[in-house]
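# Results of the structural survey
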Amino acid sequence: MQNFTTNAINLKSYNLSETDKIVVMYSKDKGIIRGVAKGAKKTTSKLGGRMDLLIANRLLLHKGKNLDTICQAEAINTFKNTRNDMDKLFYSIYCSEIVHSFGIENDPNSEEIYELFYKTLDAISKSKDKVALLLAVLKFQLKITHIAGYSLELETCACCGGKLDKENIWFSAENGGTICEECKKHSIKSVKLHYKLRDFLNTLLQMDFDARTKYDELATEKICDFCFSLMSRHVEQFAPKKIKSAQMLEVIK
């Protein structure tokens with residue numbers, strides 16, 4: 001048995017006993033990890049609030065056979081502005097569910113996913129309005145599915161591979177992106193997609209998360225809501241586990 005350190009963001013927790021709980025985290029070095037936080041439910045615990053959901057910590061853990069033990073936790077970011085805003089909180093929970101669904105133990109993409117998740121939670125926390133919040137979530141949806149190997153096809157028809165007529169572009173979650181007029185005939189759940197929205201999504205997919213584009217000024221809440229719904233279907237199509245908070249967001253937005 002040995003100790004190790006890592007940065008990790010809390011995703012979920014379970015009660016283990018009257019004083020202890022198990023915390024599921026996504027770590028920068030190892031992907032999904034599960035640690036026992038002994039005494040975390042005590043008011044005098046040094047771990048205490050650092051084991052709350054959606055907190056990024058620098059951890060010292062003791063390697064165990066089945067579960068690691070969390071020895072120390074130093075908060076890196078509590079994303080404090082998120083906790084007093086229901087929109088920010090719900091969308092952050094949604095992103096954490098996606099990470100929990102796509103994430104695995106000893107994930108070879110752990111550093112890339114951790115950095116994306118951290119930047120997303122930070123951007124949500126610091127967002128000044130609903131558009132900025134949704135832009136952060138859209139970037140997350142596009143990039144997390146790309147990393148997981150389910151990148152949205154936006155350049156050609158995802159069904160037949162043919163060229164798209166910009167006046168007749170359709171979005172099909174079941175096919176993984178844009179489809180042509182002909183293939184649309186065989187896709188019951190496809191949605192008409194204006195070529196400017198296709199370009200909008202493609203720009204967000206191609207650019208770095210931190211990059212500013214013309215859409216930071218041009219995007220509206222209506223456009224972002226529509227694109228979020230499309231991306232939610234795409235995520236649901238390929239996510240290994242059901243994203244329960246997706247339905248909740250469709251109701252409250």
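Above this note sits the structure.
This text gives an overview of the structure that appears in the document. (Residues numbered from 1 in each chain as written. Predicted model: local features only at pLDDT ≥ 70, side-chain atom pairs only at ≥ 80, totals over all residues. Heavy atoms only, no water.)

## Side note on the packing of aromatic side chains
Centre-to-centre distance and the angle between the planes together describe a pair of aromatic rings. Applying the stated criterion across every chain yields a total of 8 aromatic pairs. With 6.2 Å between their ring centres and 45° between their planes, phenylalanine 102 and tyrosine 150 make a pair best called tilted. Pair noted here: phenylalanine 102 is in helix α1 (residues 86-102) and tyrosine 150 is in the loop between α3 (130-147) and β6 (170-172), with a separation of 48 residues, a long-range link. What makes tyrosine 150 partly exposed here is its relative accessible area of 33%. Taking the centre distance of 4.8 Å and the plane angle of 15° together, the rings of tyrosine 150 and phenylalanine 238 count as stacked. (Phe/Tyr/Trp six-rings, centres within 6.5 Å; stacked < 30°, edge-to-face > 60°. Helix = DSSP H or I, 4+ residues; strand = E, 2+ residues; numbered from the N terminus. Buried < 20%, exposed > 50% of the residue type's maximum accessible area, 1.4 Å probe, protein only.)

## Details of the pairing of strand β5 (residues 68-77)
Bridge count for strand β3 (residues 31-37) against β5 is 2 bridges, and the pairing is parallel. Bridged to valine 36 within β5 is threonine 69. Across 7 bridges, strand β4 (residues 56-62) lies against β5 in antiparallel orientation. Within the sheet, the bridge partner assigned to histidine 62 lies in β5 and is threonine 69. Hairpin remark: β4 followed by β5, antiparallel, with 5 residues in the connecting loop. (Pairing = 2+ DSSP bridges.)

## A few points about the sheet that holds β5
Strand order in the closed barrel made by the 5 strands is β1-β2-β3-β5-β4, with mixed pairing throughout. Averaged over all pairs of adjacent strands, the angle between their axes in this sheet comes to 50°, without regard to strand direction. Contacts between helix α2 (residues 110-126) and the sheet are confined to β1 (3-15), β2 (21-27), β3, β4 and β5, with β1 contributing the most and set at about 60° to the helix. (Axes fitted to C-alpha atoms, helices over the stretch in contact; angles between N-to-C directions. Contact = heavy atoms within 4.5 Å.)

## Remarks on the packing of α2 against α3
Taken N-terminus to C-terminus, the directions of α2 and α3 make an angle of 170°; their axes are 9 Å apart at the nearest point. Classified by the angle their axes make, α2 and α3 are roughly antiparallel. Listed contacts from α3 to Glu112, Ile113, Leu116, Phe117, Thr120, Ala123 and Ile124 of α2 are Leu133, Ala136, Val137, Phe140, Lys143, Ile144 and Ile147. (Parallel < 35°, antiparallel > 145°, perpendicular 65-115°, else oblique.)

## Regarding the packing of α3 against helix α7 (residues 221-238)
In contact at an axis separation of 10 Å, α3 and α7 are set at 25° when each is read in the N-to-C sense. By the criterion of interaxial angle, the relationship of α3 to α7 is roughly parallel. In terms of crossing hand, the pair formed by α3 and α7 is left-handed. Side by side, α3 and α7 meet where Lys130, Val131, Leu134, Leu135, Val137, Leu138, Gln141, Leu142 and Thr145 of the first sit next to Glu221, Cys224, Asp225, Cys227, Phe228, Met231, Ser232, His234 and Val235 of the second. Taken together, the residues that form the contact of α3 with α7 break down as 11 nonpolar, 4 polar and 3 charged. (Left-handed = near helix turned anticlockwise from the far one by under 90°. Nonpolar A, V, L, I, M, F, W, Y, C, P; charged D, E, K, R; others polar.)

## Describing the nonpolar core
Counting residues in hydrophobic clusters, the biggest one holds 63 residues, and the most contacted among them are Tyr94 and Phe200. For this core, the leading source of residues is α3, giving 11 residues. Those residues within four positions of tyrosine 94 in sequence are excluded, and the remaining contacts are Val137, Gln141, Phe228, Ser232, Val235, Ile243, Ser245, Ala246 and Leu249. Ala8, Ile33, Ala40 and Leu61 belong to the second largest nonpolar core, which has 13 residues in total. (Core = buried A, V, L, I, M, F, W, Y, C linked by side-chain atoms within 4.5 Å.)

## Let's talk about α2
Taking 1.5 Å per residue as the helical rise, α2 with its 17 residues ought to reach 24 Å, and the 24 Å between its terminal C-alpha atoms agrees with that figure. Along α2, the positions that sit buried rather than exposed are Ser110, Ile113, Tyr114, Leu116, Phe117, Tyr118, Thr120, Leu121, Asp122, Ile124 and Ser125. (Expected span 1.5 Å × (residues − 1).)

## Description of unusual backbone geometry
Although it is not a glycine, leucine 54 sits at a positive phi angle of roughly 60°. If you check the backbone angles, phenylalanine 79 has positive phi at about 50° while not being a glycine. In this fold, phenylalanine 79 is placed in the loop between β5 and α1.

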